[in-house]
Amino acid sequence: MERLGIVFLSTLVLVLFHVFVDASQNQKNTYIIHMDKFNMPADFDDHTQWYDSSLKSVSKSANVLYTYNSVIHGYSTQLTADEAKALEQQPGILSVHEEVIYELHTTRSPTFLGLEGHESRSFFPQTEARGEVIIGVLDTGVWPESKSFDDTRLGPVPASWKGKCQTGKNFDASSCNRKLIGARFFSQGYEAAFGAIDETIESKSPRDDEGHGTHTATTAAGSVVTGASLLGYATGTARGMASHARVAAYKVCWTGGCFSSDILAGMDQAVIDGVNVLSLSLGGTISDYHKDIVAVGAFSAASQGIFVSCSAGNGGPSSGTLSNVAPWITTVGAGTMDREFPAYIGIGNGKKLNGVSLYSGKALPSSVMPLVYAGNVSQSSNGNLCTSGSLIPEKVAGKIVVCDRGMNARAQKGLVVKDAGGIGMILANTDTYGDELVADAHLIPTAAVGQTAGNLIKQYIASNSNPTATIAFGGTKLDVQPSPVVAAFSSRGPNPITPDILKPDLIAPGVNILAGWTGKVGPTGLQEDTRNVGFNIISGTSMSCPHVSGLAALLKAAHPEWSPAAIRSALMTTSYSTYKNGKTIEDVATGMSSTPFDYGAGHVNPTAAVNPGLVYDLTVDDYINFLCALDYSPSMIKVIAKRDISCDKNKEYRVADLNYPSFSIPMETAWGEHADSSTPTVTRYTRTLTNVGNPATYKASVTSETQEVKILVEPQTLTFSRKNEKKTYTVTFTASSKPSGTTSFARLEWSDGQHVVASPIAFSWT
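Residues numbered from 1 in each chain as written. Predicted model: local features only at pLDDT ≥ 70, side-chain atom pairs only at ≥ 80, totals over all residues. Heavy atoms only, no water.

## Description of the UniProt feature "domain: Inhibitor I9" (unreviewed entry) in the protein chain
Item 1. Per the UniProt annotation, the sites labelled "domain: Inhibitor I9" (unreviewed entry) are residues 30-105.
Item 2. Along residues 30-105 the backbone is 24% helical and 36% strand, and the end-to-end C-alpha distance reaches 23 Å. (UniProt positions renumbered as here; feature names shortened; annotations may be inferred. Helix = DSSP H or I, 4+ residues; strand = E, 2+ residues; numbered from the N terminus.)

## Digging into the state of the cysteines
Item 1. On inspection of all chains with the given rule, the structure shows four disulfides.
Item 2. There is a disulfide in this structure between Cys165 and Cys176, and the S-S distance comes to 2.1 Å. Judged by the sign of its S-S torsion, about 80°, the cystine formed by Cys165 and Cys176 is right-handed. Residue Cys165 is located in the loop between strand S6 (134-139) and strand S7 (180-185), and its partner Cys176 is located in the loop between S6 and S7; the two are separated by eleven residues in the primary sequence. Residues Cys165 and Cys176 agree in their burial class; the two are buried.
Item 3. Here Cys386 pairs with Cys403 through a disulfide, and the sulfurs are 2.0 Å apart. Residues Cys386 and Cys403 are joined through a disulfide that is left-handed, its torsion about the S-S bond being -80°. With Cys386 in the loop between strand S20 (369-373) and helix H11 (393-396) and Cys403 in strand S21 (residues 400-404), the pair connects residues that are 17 residues apart, well separated along the chain. Each of the two residues, Cys386 as well as Cys403, counts as buried. (Disulfide = S-S within 2.5 Å. Buried < 20%, exposed > 50% of the residue type's maximum accessible area, 1.4 Å probe, protein only.)

## Describing the confidence of the model for the protein chain
Item 1. For the protein chain, per-residue confidence averages 90 on the pLDDT scale, and residues scoring 70 or more make up 91% of the total.
Item 2. Counting interchain partners and residues more than four positions distant, the pLDDT-below-50 stretch residues 1-24 has zero contacts.
Item 3. Here residues 117-127 scores under 50 on pLDDT; set against residues more than four positions off or in separate chains, the count is 25 contacts. (pLDDT = per-residue confidence, 0-100. Contact = heavy atoms within 4.5 Å.)

## Comments concerning the sheet that holds strand S3 (residues 74-79)
Item 1. With antiparallel pairing, four strands are arranged side by side in an open sheet as S2-S3-S1-S4. Bordering the open sheet on either side are strand S2 (64-68) and strand S4 (93-98), each of which pairs with just one other strand. Taken pair by pair, the neighbouring strands of this sheet meet at an average axis angle of 20°, ignoring direction.
Item 2. Examined bridge by bridge, strand S1 (residues 29-35) and S3 share six bridges and lie antiparallel to one another. Within S3, the residue paired with Asn29 across the bridge is Leu79. (Pairing = 2+ DSSP bridges. Axes fitted to C-alpha atoms, helices over the stretch in contact; angles between N-to-C directions.)

## Some remarks on the nonpolar core
Item 1. By size, the foremost hydrophobic cluster in this structure holds 67 residues, and its most contacted members are Ile263, Val275, Leu278, Leu280, Leu282, Tyr289 and Trp328.
Item 2. Ranked by residue count, the leading element in this core is helix H10 (residues 293-303), at eight residues.
Item 3. Excluding residues that lie within four positions of it along the chain, Val275 makes contacts with Ile134, Gly136, Trp161, Ala248, Tyr250, Ala270 and Ile306.
Item 4. In this structure, Cys176, Val247, Phe307 and Trp562 belong to the second largest nonpolar core, which totals 41 residues. (Core = buried A, V, L, I, M, F, W, Y, C linked by side-chain atoms within 4.5 Å.)

## Observations concerning the environment of Gly316
Item 1. Positionally, Gly316 belongs in the loop between strand S15 (307-311) and strand S16 (330-335).
Item 2. For the pair Gly316 and Ala488, spaced 172 residues apart in the sequence, the C-alpha separation amounts to 5.6 Å.
Item 3. Those residues in contact with Gly316, other than ones at most four positions away along the chain, are Thr321, Ala488, Phe489, Ser490, Ser491 and Arg492.

## Section: helix H14 (residues 541-558)
Item 1. In a regular helix each residue adds 1.5 Å, so 18 residues correspond to 26 Å; H14 covers 26 Å between its end C-alpha atoms and thus fits that length.
Item 2. H14 sits mainly inside the fold: 18 of its 18 residues count as buried. (Expected span 1.5 Å × (residues − 1).)

## Quick word on the pairing of strand S28 (residues 535-538)
Item 1. Both faces of S28 are covered, namely the face carrying Phe535 and Ile537 and the face carrying Asn536 and Ile538.
Item 2. In this structure, strand S27 (residues 513-516) lies alongside S28, joined through four bridges in antiparallel fashion. Bridging across to S28, Ala515 finds its partner in Asn536.

## Overview of the layout of surface pockets
Item 1. In this model, the second largest pocket occupies a volume close to 620 Å³.
Item 2. The wall of the second largest pocket is formed by 28 residues, among which Glu340, Asp435, Leu437, Val480 and Val588 lie closest to the centre.
Item 3. Those elements that provide at least two residues to the lining of the second largest pocket are strand S17 (339-340), strand S18 (342-347), strand S19 (352-356) and helix H13 (451-462).
Item 4. Take the lining of the second largest pocket: its biggest share by element is three residues, from S19.
Item 5. Looking at side-chain class alone, the lining of the second largest pocket contains twelve nonpolar, nine polar and seven charged residues. (1 Å grid on protein atoms, 1.4 Å probe; cavity = no way out; pocket = protein on both sides within 12 Å on 5 of 7 lines; lining within 4 Å. Points joined across faces, edges and corners; volume = space filled by probe spheres on them. Nonpolar A, V, L, I, M, F, W, Y, C, P; charged D, E, K, R; others polar.)

## Here we look at the sheet that holds strand S11 (residues 253-254)
Item 1. Read from one edge of the open sheet, four strands run S11-S12-S5-S14, paired in antiparallel fashion. If you trace the sheet from one side to the other, it starts and ends with S11 and strand S14 (282-283), each paired once.
Item 2. Here strand S5 (residues 101-104) runs beside strand S12 (residues 257-259); their pairing, made up of two bridges, is antiparallel. Each bridged residue has a counterpart across the sheet, and for Tyr102 the counterpart in S12 is Cys258.

## Looking at the side chain of Ser279
Item 1. Along the chain, the position of Ser279 falls in strand S13 (residues 277-280).
Item 2. Assessed through its relative accessible area of 2%, Ser279 is described here as buried.
Item 3. Look past the residues within four positions of Ser279 in its chain and what remains in contact with it is Ile135, Gly136, Val137, Leu138, Ser309, Cys545, Pro546 and Ser549.

## Topic: the packing of aromatic side chains
For any pair of aromatic rings, the description rests on two quantities: the centre-to-centre distance and the angle between the ring planes.
Item 1. Summed over all chains, the structure comprises 25 aromatic pairs.
Item 2. Considering the side-chain rings of Phe597 and Phe745, the 5.4 Å spacing of their centres and the 75° angle between planes classify their relative orientation as edge-to-face. With Phe597 in helix H16 (residues 596-599) and Phe745 in strand S38 (residues 743-751), the pair connects residues that are 148 residues apart, well separated along the chain. As far as burial versus exposure is concerned, Phe597 and Phe745 are alike and both buried.
Item 3. Judged by centre distance (5.5 Å) and plane angle (90°), the ring pair of Tyr685 and Phe733 falls under edge-to-face. With Tyr685 in strand S33 (residues 681-691) and Phe733 in strand S37 (residues 726-735), this pair connects stretches of sequence that are 48 residues apart.
Item 4. Judged by relative accessible area, which is 0%, Phe733 ranks as buried.
Item 5. Through a chain of ring-to-ring contacts, the aromatic side chains of Phe185, Tyr190, Phe194, Trp254 and Phe259 assemble into a single cluster.
Item 6. Over the face of the ring belonging to Trp143 we find Arg207, whose NZ or CZ atom lies 4.4 Å from the ring centre.
Item 7. Here the guanidinium or amino end of Arg654 rests over the ring plane of Tyr685, the centre of that ring lying 5.8 Å away. (Phe/Tyr/Trp six-rings, centres within 6.5 Å; stacked < 30°, edge-to-face > 60°. Lys NZ or Arg CZ within 6 Å of the ring centre and 35° of its normal.)

In structure tokens form, the structure reads like this:
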């Protein structure tokens, strides 16, 4: 009997294994199929017939989710792994890639950027130009009732616009106007993975139920709204960077994330609709350019004169955490502004500590209250993080609780404290966040403090048998210095895909940004938060990206003839990396000077960017040469460029030759086998500058922090006699020895006495 039982169990395990394997083999996932459209067989009259035929050859039941006609040629569908592999072998198929889920990278800023009073005078000399630029925002949709979409001062919708206002739940044609000129939603990829959208939770329409999309759209191009604030904080006039530009919203992000098939469909449609700027505050996993849907879509957009701005990601302060690093994308990191929302903590030993908060409810008593550390009053191993159900009510009731930042949402921790009977919270940074201060509209009295202050508070609790504290709130404080500083969360270089291209390109305001909000949820986004606000204050590179998108729209209106690369160059070469006292912009994560791997070319300076003097321009062919330098095969290049291109085998292609406004030099790559030797080694970079100003003579100057690498610029003087004239120069880097450190930096500037055209130089040794 025992033997029979063992045989039975073995057979059962074997059967279950085969069932599992069969289920895995039959599981369908979404794939994006890139087609060689221009080599369609003569048997077909239409490319959609060809696409459908190719699909039916491997799966009779599969249906096309989207057909892509602009940013790529191809379609998306659901297939098993075996079907996808079989389809990849079909003629005319360039590539088959499984779908990727992207995530969102989640006022005072016009004044901080020096834009107050400048938009009408400097950026838009012709009134008609202000409303001709259209910004397409791919995000969670839009809340059309926001005052930031008021169209009172705008003229007719641009004649070039081909988009529409797509109707759906809680969204009809009247939701659009002369400001919000278009709105669409793309959900087929999301629904293929998760099933039909639950319309009791989110709207199957362009309506923004989450808030992120409305915030990014109004940051980029919100209309002027007086008396704006969040619960009394940051009171003043709210306006987007390009307040006269038009907005087109493309909802591609849902409760379960942002699916690449939907993102691609949104980009495809935005290009067809006629946007001038694309803003994407989202990112996915790091992959080669031909496998990165955002990179592929952005290449096509840039090829058609559309400026593409993307967030760098919120993976800082760790190095090499960037996303959206393709050189035809402008990659934006985040910095702070000169505005804070102070909270004041007093602890029982007499020490006074500073934090931040956007709490607006009933204040705590002015008298001291009992204080505990969550790690000491928890019933779980990670109780210090105040995760759901982790606190012991008997030890928390009536007390202020110190919770460590991390894992769950910051405002959610306060609800955990409240549910356990706590009366207030001090949210303490760990070493991951350093002394960075990010404010939230907490639901209980809360002060967020940096790591230094948090450690002092926890040390006080550990050394005192009856610890106490007070929390008070200071409203809005302006002219905070130093500012800007690089945000701790802002993703850092080096570029993980192509170290030879310095990323991020620049930084912009991304901490505690006030902008429009959805009417569906409160400012924390938590289900328990029933407060209704027209504006919200949130942080992330999601917020810095639309700042640059809006600024690009300003430059596009002022200089319609400029290419996307010229606009990016103007923004980069006029950025600043030092304060007025000459000190380098600080990194809040370390409390020390930041580097070009943190801020790229520097912090954006739009009033200088409108008149940069010179620009580093790039064409589609330059990007093709860049792909050749990466040894991309013809089929890989065709996925990106959508045309037959063969790299010249007799030509030497170098990434270093891409006419980029910055320099990133991995020493082992540049010097090869000589990098570790004592023999001096030499490498040269060539750049071309285009004059976009008046005739002038520019002189080169270099400042460097490294003695091991000598930098020579030839010629050292460039004379431009007319507008759009081009001049080429060479930078020679001579390394005498390998330095003791792993990185060093320099800066090259061209100046005519009026303009400074600056480029950061980053050296890295592995």
